[in-house]
Amino acid sequence: GTQLACSLASGLVTTTATNPADVVKVVMFTSGAKYSGPLQAASHLLQTEGPGALLKGWTANYMRLGPQTVITFLVAERLRALVGLPGL
């Protein structure tokens, strides 16, 4: 119950925190040598599309990171219990 809810919340936070970097990375890879670096790519993205552009693909990223995060934390807690360590 609690571990599942915390794992899901962790997946939400992880996805939201990492999605902007993923968007900038994709923009840089798909634009060739148009940008001198990630800050220039992010700046251009913000100026042309606004802050919401940094969350493009959030749902797809959560569909990948959400289950991964849940499985990771649930397995880690189960393994800790099996070896006699207290839960986190």
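Residues numbered from 1 in each chain as written. Predicted model: local features only at pLDDT ≥ 70, side-chain atom pairs only at ≥ 80, totals over all residues. Heavy atoms only, no water.

**Q** Mind laying out the overall build of the protein, listing which residues take part and the relevant values?
**A** Summing up its helical and strand segments, the protein has three helices and zero strands in all. Helices (α) and strands (β) of the protein occur, in sequence order from the N terminus, as α-α-α. Relative to the globule expectation of 12 Å for 88 residues, the C-alpha radius of gyration of the protein, 17 Å, shows a markedly less compact shape. Projected onto its principal axes, the C-alpha positions of the protein cover 55 × 20 × 15 Å. Counting only residues that meet the buried cut, the protein has 25% of its 88 residues in that class. The long-range share in the protein, meaning contacts at least 24 apart out of those at least 6 apart in sequence, stands at 61%. In the form shown here, the protein has an accessible surface area of approximately 6,000 Å², with 70% of it arising from carbon and sulfur atoms. (Helix = DSSP H or I, 4+ residues; strand = E, 2+ residues; numbered from the N terminus. Rg over C-alpha atoms; globule rule 2.2 N^0.38 Å. Buried < 20%, exposed > 50% of the residue type's maximum accessible area, 1.4 Å probe, protein only. Contact = heavy atoms within 4.5 Å. Areas by Shrake-Rupley, 256 points an atom, 1.4 Å probe, with all protein chains shown as cover.)

**Q** Explain helix α2 (residues 38-49) to me, using residue names and the numbers behind them.
**A** Across its 12 residues, α2 extends 16 Å between first and last C-alpha, which sits within 8% of the 16 Å expected from 1.5 Å per residue. Looking at the buried residues of α2, the elements they touch are α1 (2-30). Phi turns positive, to about 90°, at Gly-50, one or two residues after α2. (Expected span 1.5 Å × (residues − 1).)

**Q** So what's going on with a nonpolar patch on the surface? Residues and values would help.
**A** On the surface, a nonpolar cluster with roughly 610 Å² of combined accessible area is contributed by Ile-71, Val-75, Leu-79, Leu-82, Val-83 and Leu-85. Inspection of the secondary structure puts Val-75 in helix α3 (residues 58-82). (Patch = residues over 30% accessible without salt bridge, like charges linked within 9 Å, V, L, I, M, F, W, Y side chains within 5 Å. Salt bridge = Lys/Arg side-chain N within 4 Å of Asp/Glu carboxyl O.)

**Q** Lay out the packing of α1 against α3 in plain terms, naming residues and giving numbers.
**A** Interaxial distance between α1 and α3 falls to 8 Å at its minimum, and their mutual angle equals 140°. Comparing their axes, α3 and α1 come out oblique. α3 is crossed by α1, and the crossing has right-handed handedness. Each residue belonging to the contact of α1 with α3 can be placed in one class, and the counts come to nine nonpolar, 11 polar and three charged. (Axes fitted to C-alpha atoms, helices over the stretch in contact; angles between N-to-C directions. Parallel < 35°, antiparallel > 145°, perpendicular 65-115°, else oblique. Left-handed = near helix turned anticlockwise from the far one by under 90°. Nonpolar A, V, L, I, M, F, W, Y, C, P; charged D, E, K, R; others polar.)

**Q** So what's going on with the confidence of the model for the protein? Which residues, and what values?
**A** Of the residues in the protein, 100% reach a pLDDT of 70 or more, and the chain-wide mean stands at 93. Model confidence for the protein, summarised as mean pLDDT per element, is weakest for α3 at 92 and strongest for α2 at 96. (pLDDT = per-residue confidence, 0-100.)

**Q** So what's going on with the pattern of salt bridges? Which residues, and what values?
**A** Under the criterion given, the structure shown has three salt bridges. In this structure, Arg-64 and Asp-22 form a salt bridge, with 3.9 Å as the shortest nitrogen-oxygen distance. With Arg-64 in helix α3 and Asp-22 in helix α1, this residue pair connects regions lying 42 residues apart in the sequence.

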